[in-house]
Amino acid sequence: MPELTYSRVNRDILRTLETPGRAYWIAVALLAAGVVLGGYCWWTQIQTGMGVSGKFIPTAWFAYITTFVFWVGIAHSGTLISAILFLFRARWRTPVYRSAEAMTVFAVMTAGLFPLIHLGRAWQFYWLLPYPNERQLWPNFRSPLLWDVFAVTTYFTVSAMFLYLGLIPDIAAARDRATGWRRRLYRLASLGWRGTDTEWTHYSSAYMFFAAFATPLVVSVHSVVSWDFTMSIVPGWHSTIFAPYFVAGAIHSGLAMVITLLIPLRRLFRLEQFLDTLHFEQLARLMIVTGLIVGYAYGVEFFVAWYSGNPFELSTFLDRAFGPHGDLFWAMVVFNCGLPLLFFAPRLRRNYAVLLAVSVLVNVGMWLERFVIIAVSLTNDYLPAIWRKTFHFTWVEAGILFGSLCWFLLLFFLFAKIFPTVSITEVKEALPEPRRTAAAEGHA
Amino acid sequence: MSRTAYKTVEEAGVVGVFRYVDAVVEAVRRAREQGWTALRVYQPVPSHTILAEVAPPEKSPVRFFALWGGVAGTVLGFALASFVGIKMHTYQGLLVGGKPPVSVPAYIIIAFELTVLLGALATLAGFILFSKLPRGENVAGYGPEFSEDRFGVFIPCEASQAEPVMALLREAGAEQVRFEEVYEED
């Protein structure tokens, strides 16, 4: 493989923005069709009423809130990779972080749809915002649902700004070689960046502060989401380990989604020289860690339920594992905790087919985890008279969930053809600086 | 007569195009020794070797924006939640959830999120302000090679002073030197 130079990095990464082939457009068309289908289902729900969604009491949260938590979780590894690993100076993150950051922003945008869909009367979403109504009543600042509004909107805003800040020098590089509408777009988006010493000084400082702000934020967001559950007294929810347990799970699912997206991206955009086996191995190693933490949390939950002596708590957990939905619970355990252990074998974590298969199944497992926590706990409330042990997805719900996946992938596909998915600046920074002395010795 | 001849010159100077970082450092040192202190360097990546030579020794003031943005967020978060709690309790007689009007543990979350939000917004604003962005195309000496693999040392000077400056940059190792003027936009 030829040695990487600044010029080659520019050329190879900007090449990914060239006019796409037929396969890309077919994929975009299929994803757009999926989004239209999801939109139609949502429209049907608005027109007909929430009855078509298959919601019932006591498990009204089962599909949409499960999926909301799932997408917020997916958003987490982006900031882990871009901010936390930046602060720890983990250089292997360089070619991976841009895709992970973009994934974060699009996952939060997808997650943000679900409270609105769940709301029913989606056009009254602004009631969530902190301002008084005509009777001077404000939203309740002690409510976890309002904390969620603050946490998720802050996360979206900060992640989007962080992504944009990192993109500015790369957009300028694209601007200098683009023509037509792309040049106009890049001129506008690069803000006239020229890469002067003053600009780089302030940029480096701002980037570091963004990483410092984003690091506690990423921990806070899924903690706050977990408090949506723990602040209630529903058995199976009211637990102090939820915050770290949710954060670890979120990073676990996010890493799985990064691998799921990067393996095809690497092949489609011919980014093999930037994204090599080492990067995927490091992601796989991180997944072993997060998988073990998640497995430990599953175990501790059962221990606490037994040790508490609370019969309601114990009954809920036994129902999770051995009740009518025990199959989902065990699938979740195998997918989230068992499969990542395969990555202890170097041969398996270097095999792209295994990596992709495991990461897809971990994504399925993480959705199941939220389903088991939310839906199964709600079936087993304090009032046996309202217990209802069966769930059924209606076509409207299934269409909306499928549409949300297409929406997320469509945003990512469009982004990948408009903006560089590998950071030009940081890949160049990782190369040795060109020096006369090195050139004279034949190294540059 | 050329289109630009009757326009006001906004900025003029000589730019040297360099391939190597150590040559840039040498050019900057030589220029400063000869009194050309108001120079700037275009870089495709933030070279710490160059920044240590060129950038002012004090740290970027963006850090104050980060600090005060964060402090403002903390204060605003507590103030907003406490104001609402006190107002609802005192003027409307509502004790929401049986909790005190100022429920500090709950409000820490609001304050924390606003700390991060306002801190990040202020950081971005500070970066844009101090980097003098957004700016138009009117930048003397800039070329597309500076976003690829070359470094540029730009020394502002008048046309009559250009020759010695060009010589200085060539001696330091510039591959190419050119005098450029940009004009005020209509």
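Residues numbered from 1 in each chain as written. Chains lettered and ligands numbered in written order. Predicted model: local features only at pLDDT ≥ 70, side-chain atom pairs only at ≥ 80, totals over all residues.

1. Focus on the overall build of chain B
Piece 1. Counting its secondary structure elements, chain B contains 5 helices and 4 strands.
Piece 2. Start at the N end of chain B and walk to the C end: the helices and strands fall as β-α-β-α-α-α-β-α-β.
Piece 3. Taking 186 residues into account, the globule formula puts the C-alpha radius of gyration at 16 Å, and chain B, at 26 Å, lies well above it.
Piece 4. Expressed as lengths along the three principal axes of its C-alpha atoms, the size of chain B is roughly 80 × 40 × 30 Å.
Piece 5. Counting every position in chain B, which comprises 186 residues, the buried fraction comes to 39%.
Piece 6. By sequence separation, contacts in chain B at least 24 residues apart represent 83% of the contacts at least 6 residues apart. (Helix = DSSP H or I, 4+ residues; strand = E, 2+ residues; numbered from the N terminus. Rg over C-alpha atoms; globule rule 2.2 N^0.38 Å. Buried ≥ 20, exposed ≤ 12 C-beta atoms within 10 Å, placed from the backbone. Contact = placed C-beta atoms within 7 Å.)

2. Focus: the overall build of chain A
Piece 1. Across its full length, chain A holds 17 helices and 0 strands.
Piece 2. Radius of gyration (C-alpha) of chain A: 23 Å, near the 22 Å computed for a compact globule of 444 residues.
Piece 3. For chain A, the spread of C-alpha atoms along the principal axes amounts to about 80 × 55 × 40 Å.
Piece 4. A total of 444 residues make up chain A; the buried ones form 49% of that total.
Piece 5. Taking as baseline every contact in chain A between residues at least 6 positions apart, the subset at least 24 positions apart corresponds to 82%.

3. Comments concerning the interface of chain B and chain A
Piece 1. Contacts between chain B and chain A engage 61 residues on the former and 53 residues on the latter.
Piece 2. Sorting the residues of the side of chain B that touches chain A by element identifies α1 (21–33), β2 (40–42), α2 (48–54), α3 (62–90) and α4 (104–130) of chain B as the ones contributing at least two each.
Piece 3. A total of 15 residues in the side of chain B that touches chain A trace back to one element, the largest contributor, which is α4(B).
Piece 4. When the residues that make up the side of chain B that touches chain A are grouped by side-chain class, the tally is 36 nonpolar, 15 polar and 10 charged. (Nonpolar A, V, L, I, M, F, W, Y, C, P; charged D, E, K, R; others polar.)

4. Re the domain arrangement of chain B
Piece 1. Domains assigned within chain B are domain 1 (9–56 + 136–183) and domain 2 (62–130).
Piece 2. Computed from C-alpha coordinates alone, the two centres of domain 1 of chain B and domain 2 of chain B are separated by 46 Å. (Domains from an automatic or database assignment.)

5. Things to note about the pairing of strand β1 (residues 9–18) of chain B
Residues and elements named next belong to chain B.
Piece 1. Here β1 runs beside strand β4 (residues 176–183); their pairing, made up of 8 bridges, is antiparallel. Note that in β4 the partner of Glu 11 across the bridge is Val 182.
Piece 2. Sheet topology places β1 next to strand β3 (residues 151–156); 6 bridges connect them, and they run antiparallel. If you follow Val 17 over to β3, its bridge partner there is Gly 152. (Pairing = 2+ DSSP bridges.)

6. Things to note about the sheet that holds β2(B)
All names here are of chain B.
Piece 1. If you walk across this open sheet you meet the 4 strands as β2-β3-β1-β4, and the pairing is antiparallel. A strand with exactly one partner marks an edge of an open sheet, and here the two such strands are β2 and β4. With direction set aside, neighbouring strand axes in the sheet form an average angle of 25 degrees.
Piece 2. Contacting β1, β2 and β3, α1 crosses the sheet at an angle of about 10 degrees to β3.
Piece 3. Lying on the sheet, helix α5 (residues 162–172) is in contact with β1, β3 and β4; it crosses β1 at an angle near 25 degrees. (Axes fitted to C-alpha atoms, helices over the stretch in contact; angles between N-to-C directions.)

7. Examining the nonpolar core
Generally speaking, a soluble globular protein has its nonpolar side chains buried in company with each other.
Piece 1. In terms of nonpolar packing, the biggest core is built from 151 residues, with Val72(A), Val158(A) and Val258(A) touching the most fellow members.
Piece 2. Broken down by element, the residue count for this core peaks at 17 residues, all from helix α6 (residues 144–175) of chain A.
Piece 3. Residue contacts for Val258(A): discarding those within four places in its chain leaves Ser77(A), Val96(A), Ser99(A), Ala100(A), Met103(A) and Leu283(A).
Piece 4. Membership of the second largest hydrophobic core comes to 28 residues, among which are Val21(B), Val153(B), Leu168(B) and Ala172(B). (Core = buried A, V, L, I, M, F, W, Y, C linked by C-beta atoms within 7 Å.)

8. Examining the environment of Ala440(A)
Piece 1. Mapped onto the secondary structure, Ala440(A) falls in helix α17 (residues 436–440).
Piece 2. Sequence separation of Ala440(A) and Thr44(A) is 396 residues, and the distance between their C-alpha atoms is 70 Å.

9. What to know about α6(A)
Piece 1. When the terminal C-alpha atoms of α6(A) are compared, their 44 Å separation across 32 residues agrees well with the 46 Å that a helix rising 1.5 Å per residue should span.
Piece 2. Of all the bends found along α6(A), the most pronounced is centred on Ile168(A) and spans about 45 degrees, while Pro169(A), a proline, follows it within four residues. (Expected span 1.5 Å × (residues − 1). Bend = angle between axes of the 7 residues up to and from the residue.)

10. Some remarks on the packing of α6(A) against α4(B)
Piece 1. Put simply, α6(A) and α4(B) touch, their axes get as near as 9 Å, and they point 20 degrees apart. Considering the angle they form, α6(A) stands roughly parallel to α4(B). Here the hand of the crossing between α6(A) and α4(B) comes out left-handed. Touching Trp147(A), Phe150(A), Ala151(A), Thr154(A), Thr157(A), Val158(A), Met161(A) and Leu165(A) of α6(A) are Ile109(B), Ile110(B), Glu113(B), Val116(B), Leu117(B), Ala120(B) and Leu124(B), all from α4(B).
Piece 2. The class makeup of the residues in the contact of α6(A) with α4(B) is 12 nonpolar, 2 polar and 1 charged. (Parallel < 35°, antiparallel > 145°, perpendicular 65-115°, else oblique. Left-handed = near helix turned anticlockwise from the far one by under 90°.)

11. A word on the confidence of the model for chain B
In low-pLDDT segments, the atomic positions of the prediction should not be examined closely.
All names here are of chain B.
Piece 1. Scored by pLDDT, chain B has a mean of 91; 94% of the residues are at 70 or more.
Piece 2. Within chain B, the element-level pLDDT minimum falls on α2, averaging 89, and the maximum on α4, averaging 97.
Piece 3. Scored by ipTM, the complex comes to 0.93, with pTM at 0.94. (pLDDT = per-residue confidence, 0-100.)

12. Some points on α1(B)
Piece 1. Compared with an ideal rise of 1.5 Å per residue, which puts 13 residues at 18 Å, α1(B) spans 19 Å between its outermost C-alpha atoms and is within 8% of the ideal.
Piece 2. Taken together, the buried positions of α1(B) are occupied by Val21(B), Ala23(B), Val24(B), Val25(B), Ala27(B), Val28(B) and Ala31(B).
Piece 3. Looking at the buried residues of α1(B), the elements they touch are α17 of chain A together with β1, β2, α2, β3 and α5 of chain B.
Piece 4. With its phi angle positive at about 95 degrees, Gly35(B) sits one or two positions after the end of α1(B).

13. Examining the environment of Thr74(B)
Piece 1. Within the secondary structure, Thr74(B) is located in helix α3.
Piece 2. Separated by 42 residues in the primary sequence, Thr74(B) and Val116(B) have C-alpha atoms spaced 8.6 Å apart.

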